[in-house]
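# Observations on the three-dimensional arrangement
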Amino acid sequence: MKKHEFYLQRCIQLAKNATGKTYPNPLVGSVIVYNDQIIGEGWHQKAGEAHAEVNAINSVKDKSLLKKSTIYVSLEPCSHFGKTPPCSDLIIAHKIKRVVIGTIDPFAKVQGRGIQKLMSAGCDVIIGVLEKESQQLNKRFFTFHQHQRSYIILKWAQTKDGFLAPETQKDREPVWITNASSKQLVHKWRSEEQSILVGTETAIKDNPKLNTRLWEGESPVRVVLDRSLRIPQDSYLFDNTIKTIVISDLNTEIPSVLKKENIDVEKVDFSLNLAEEICKILYRHELQSVIIEGGKQTLQTFIDANLWDEARVFTGNSFFKTGIKAPTLTGKLIEKQEIATDLLEIYKNKK
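Keep in mind the model is a prediction, meaning the values are calculated, not measured.

## Describing the packing of aromatic side chains
A ring pair, where both rings are aromatic, is described by two values, the distance of the centres and the angle of the planes. Evaluation of the coordinates by the stated rule reveals five aromatic pairs. Each ring, one from Tyr7 and one from Tyr72, has its centre 5.1 Å from the other, and the planes form 45 degrees; the classification is tilted. Of this pair, Tyr7 sits in helix H1 (residues 3-15) while Tyr72 sits in strand E3 (residues 70-75); the two residues are 65 residues apart in sequence, bridging distant segments of the chain. Connected via pairs of aromatic rings, a cluster forms that spans Phe6, Tyr7 and Tyr72.

## Description of the layout of surface pockets
Taken as a whole, the largest pocket spans an internal volume of roughly 1200 Å³. Taken together, 45 residues form the lining of the largest pocket, with Thr202, Asp206, Glu293, Gly294 and Gly295 sitting closest to its centre. Residue assignment for the lining of the largest pocket shows that the elements contributing at least two residues are strand E6 (151-158), strand E7 (163-165), helix H7 (180-192), helix H8 (200-206) and helix H10 (296-304). A per-element tally of the lining of the largest pocket places H8 first, with five residues. Here the lining of the largest pocket is composed, by residue class, of 18 nonpolar, 13 polar and 14 charged.

## Focus on empty space enclosed by the protein
Throughout the structure, instances matching the rule amount to one cavity of 30 Å³ or more. Space inside the largest cavity adds up to approximately 80 Å³. Thr22, Tyr23, Leu27, Asn138 and Arg140 are, among the 13 residues lining the largest cavity, the residues nearest its centre. Tallied by class, residues from the lining of the largest cavity come to five nonpolar, six polar and two charged.

## Concerning the pairing of strand E15 (residues 332-339)
As paired strands, E15 and strand E16 (residues 342-348) are joined by seven bridges and run antiparallel to one another. Within E16, the position partnered with Glu335 by the bridge is Ile346. Between the end of E15 and the start of E16, which pair antiparallel, lie two residues, with Ala340 showing a positive phi angle near 55 degrees.

## Let's talk about the sheet that holds E15
Strands sit in the order E11-E10-E9-E8-E12-E6-E13-E16-E15 across an open sheet of nine strands; the sheet is mixed. In this open sheet, the two strands that pair with only one neighbour each are strand E11 (263-268) and E15. The mean angle between the axes of side-by-side strands here comes to 20 degrees, regardless of whether they run parallel or antiparallel. On the sheet, helix H6 (residues 139-147) packs against E6, strand E12 (289-292) and strand E13 (310-315) and is oriented at approximately 125 degrees with respect to E6. Taken strand by strand, helix H9 (residues 274-284) contacts E6, strand E8 (195-198), strand E9 (221-225), strand E10 (244-249), E11 and E12, and its axis lies near 140 degrees from that of E11.

## Comments concerning the environment of Gln337
Following the sequence through the fold, Gln337 ends up in strand E15. Under the relative-accessibility criterion, Gln337 is labelled partly exposed at 33%. Sequence separation between Gln337 and Asp304 is 33 residues, and the spatial gap between their C-alpha atoms is 27 Å. Among residues more than four places away in sequence, those in contact with Gln337 are Asp342, Leu343 and Leu344. Here the side chain of Gln337 touches Glu335 through a polar contact of 2.9 Å, side chain to side chain.

## Notes on unusual backbone geometry
Peptide bonds are, in most cases, trans, and in most cases residues other than glycine have a negative phi. For the bond from Tyr23 to Pro24, the omega torsion is 5 degrees, close enough to zero to count as cis. Positionally, Pro24 belongs in the loop between H1 and strand E1 (29-34). Of note in the backbone geometry, Asp36 takes a positive phi value of approximately 60 degrees without being a glycine. Examined against the element boundaries, Asp36 turns out to sit in the loop between E1 and strand E2 (37-43). One non-glycine residue, Glu286, adopts positive backbone phi at about 60 degrees. Along the chain, the position of Glu286 falls in the loop between H9 and E12. Given the relative accessible area of 54%, Glu286 is considered exposed.

## Describing the side chain of Thr103
Structurally, Thr103 can be placed in strand E4 (residues 98-103). Overall, Thr103 belongs to the buried group, its relative accessible area being 1%. Among the polar contacts made by the side chain of Thr103, one reaches the side chain of Gln135 at a distance of 3.1 Å. Residues within four places of Thr103 in sequence aside, it is in contact with Ser74, Leu75, Glu76, Glu131, Ser134, Gln135 and Phe142.

Calculation criteria
Residues numbered from 1 in each chain as written. Predicted model: local features only at pLDDT ≥ 70, side-chain atom pairs only at ≥ 80, totals over all residues. Heavy atoms only, no water. Phe/Tyr/Trp six-rings, centres within 6.5 Å; stacked < 30°, edge-to-face > 60°. Helix = DSSP H or I, 4+ residues; strand = E, 2+ residues; numbered from the N terminus. 1 Å grid on protein atoms, 1.4 Å probe; cavity = no way out; pocket = protein on both sides within 12 Å on 5 of 7 lines; lining within 4 Å. Points joined across faces, edges and corners; volume = space filled by probe spheres on them. Nonpolar A, V, L, I, M, F, W, Y, C, P; charged D, E, K, R; others polar. Pairing = 2+ DSSP bridges. Axes fitted to C-alpha atoms, helices over the stretch in contact; angles between N-to-C directions. Contact = heavy atoms within 4.5 Å. Buried < 20%, exposed > 50% of the residue type's maximum accessible area, 1.4 Å probe, protein only. Polar contact = N/O pair within 3.5 Å; in protein donor to acceptor, adjacent residues only side chain to side chain.

Written as structure tokens, this is what we have:
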């Protein structure tokens, strides 16, 4: 691996430490190198706190070395005042003459301005080292700003004979297909994404909490489709512990149970392209990612509209013989792993 790529890979590795904790900001890692030795490194740990470049510079014990060093950063240094000052200004102030950047920031307030500021100050700027990997690191951030929608993850569990659920089940009790390790992994995923969505039937039959009780981390915003507001009012989804968005039909009357501080009701025309309408709502709420954990109909709605980025499919060690069939999906298999008795396959949309 080339020298620049080695240090950029370290930036990406550092940035991943904060997965799920920096929204609405991107994941960013930074490394400072002097005489082929790393003398400082850092990453953006939480929105509102110091950016990666600040933490990396602050970690350098002998600041006099900075003007002879190279700073590596996975994403273009910011050029605007937000909750923190511009990182490009800090780099210039410390007279760091060489800057190696993974990828340009797609955010409209940056988008090349940080690079231009550095170059105007006389910095030697190298752009596009491990560019694809740097963009993949911030797939949610890039999708949100470039395509004006959330990064969409489909997730379901199926039996070995391809069923999502049995023909019948006890009311308001989920039927588990996967093992405890897979269940915990799903809660880890929830802590990494900004929102999670289910359909009406899943909400009624399973009465899900959609939180991160099995993993340390913030629970995602809950989004539920409820066209006619049929979901029981005592459901966990309406317990007001987590922000919840209810998507209903234009003509529904909102009951008092949904008129709470932590619940938003959004009305849409269900006769339109529902997946697109949902994406508009999520974008308006500034949600950069969503896990679709709905049943067959909800999942297939997004698949048929070709509005998904990756699918995470568990196959458990059981058979139902009859029941609700799993969705049909065509994608590129990018990862396959065994989790105890379960098989996890991850697909990317081929588009």
